[in-house]
Amino acid sequence: EPVTQSLLYLDNISVVFDGFRALNKLSLTIEEAEMRAIIGPNGAGKTTMMDVITGKTRPTAGEAMFAGIHDLTTMDEADIAQLGIGRKFQTPTVFDMHTVEDNLLLAVKSDRRAFANITWRRTAHERARIDELLERIRLKDQRHRQAAELSHGQKQWLEIGMLLAQEPRLLLVDEPAAGMTDQETADTAELLRDIAKTRSVVVVEHDMQFVRDLGVKVTVLHEGSVLAEGSLDQVSANERVIEVYLGR
Ligand code: ADP
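An unreviewed UniProt entry annotates the protein chain as ABC transporter ATP-binding protein of Azorhizobium caulinodans.

> Hey, could you go over the overall build of the protein chain for me, with residue numbers and the actual values?
Scanning the protein chain for helices and strands turns up nine helices and ten strands. In terms of overall dimensions, the protein chain is globule-like: its C-alpha atoms have a radius of gyration of 19 Å, near the 18 Å expected for 248 residues. Its C-alpha atoms give the protein chain principal-axis dimensions of roughly 55 × 40 × 35 Å. Counting only residues that meet the buried cut, the protein chain has 38% of its 248 residues in that class. Put simply, 67% of the contacts in the protein chain that link residues at least 6 apart link residues at least 24 apart.

> Could you give an account of the site of the ligand, naming the residues involved and the relevant values?
Lining the immediate environment of the ligand, one finds F17, F20, A22, G40, N42, G43, A44, G45, K46, T47 and T48. Broken down by secondary-structure element, the contributors of at least two residues to the shell around the ligand are β2 (20–30) and α1 (46–53). No other element matches the three residues that α1 contributes to the shell around the ligand. When the residues that make up the shell around the ligand are grouped by side-chain class, the tally is four nonpolar, six polar and one charged.

> Give me the sheet that holds strand β3 (residues 35–39): which residues, what numbers.
In spatial order, the strands read β6-β7-β8-β3-β9-β10; together these six strands make up an open sheet with mixed pairing. A single partner strand is all that each edge strand has here, and the edge strands are β6 (85–88) and β10 (225–230). Each strand axis lies, on average, 20° off the axis of its neighbour in the sheet, ignoring direction. This element, α1, spans β3, β6, β7 (170–174), β8 (200–204) and β9 (217–222) of the sheet and lies at about 150° to β7.

Cut-offs used in this document
- Residues numbered from 1 in each chain as written.
- Predicted model: local features only at pLDDT ≥ 70, side-chain atom pairs only at ≥ 80, totals over all residues.
- Helix = DSSP H or I, 4+ residues; strand = E, 2+ residues; numbered from the N terminus.
- Rg over C-alpha atoms; globule rule 2.2 N^0.38 Å.
- Buried ≥ 20, exposed ≤ 12 C-beta atoms within 10 Å, placed from the backbone.
- Contact = placed C-beta atoms within 7 Å.
- Near = placed C-beta within 6 Å.
- Nonpolar A, V, L, I, M, F, W, Y, C, P; charged D, E, K, R; others polar.
- Pairing = 2+ DSSP bridges.
- Axes fitted to C-alpha atoms, helices over the stretch in contact; angles between N-to-C directions.

If you want it as structure tokens, here you go:
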């Protein structure tokens, strides 16, 4: 098994919908324990790229490999999730009527047994996992509250915790800071930086202050391909990026 390869390797991926190229020879690599921010104007192909990685959309052409050995272009969504690719959509899908810790318990158990067979009894190992996750997502003090009572930001963190319960190797996150207060936005950047110490994270984001807080390498998409890559300062100074964003 190759050990030096990128965790995610996209090479010349194209996606064509009814003659329209949503992705046009997109190439991108993400390393183990790397966090990457993906930016780009509306319609640039960011969502389509996430859809290809998670198996929701099949590319028309190109190669998509995970951990050097898994060909994502031939796998279905469930099998790709099993590989350890987790995706967080913008709208949190937590169980509102359950407490914070029960939400985490469901997530911890759901990788091992059918949902219908879940019991609320928890093993020592499961309790320890829940404590660890609560610590990580900074919701220890909220553990007995109903998810419905959480702030928007706290719900987003709970959902991130539920995804972490599945031990993903790659976490895809869609606009995590949308609708958050400034403090929540800063806390979210810190949380994601913490997560990226041990796993890879791809963040699609519009909020440039948040991208700055993340402090990671940025990939700019435009018309389905990579327009620029580098630090936020580097890509912000790139003439072609300026043109695209200012529409000149
Ligand atoms: P972004 O997330 O960067 O805003 P998207 O990946 O959502 O961009 O969309 C890229 C382009 O592909 C857009 O012009 C969009 O209208 C088009 N597109 C996305 N999904 C479909 C689809 N299922 N059928 C047709 N066109 C689509």
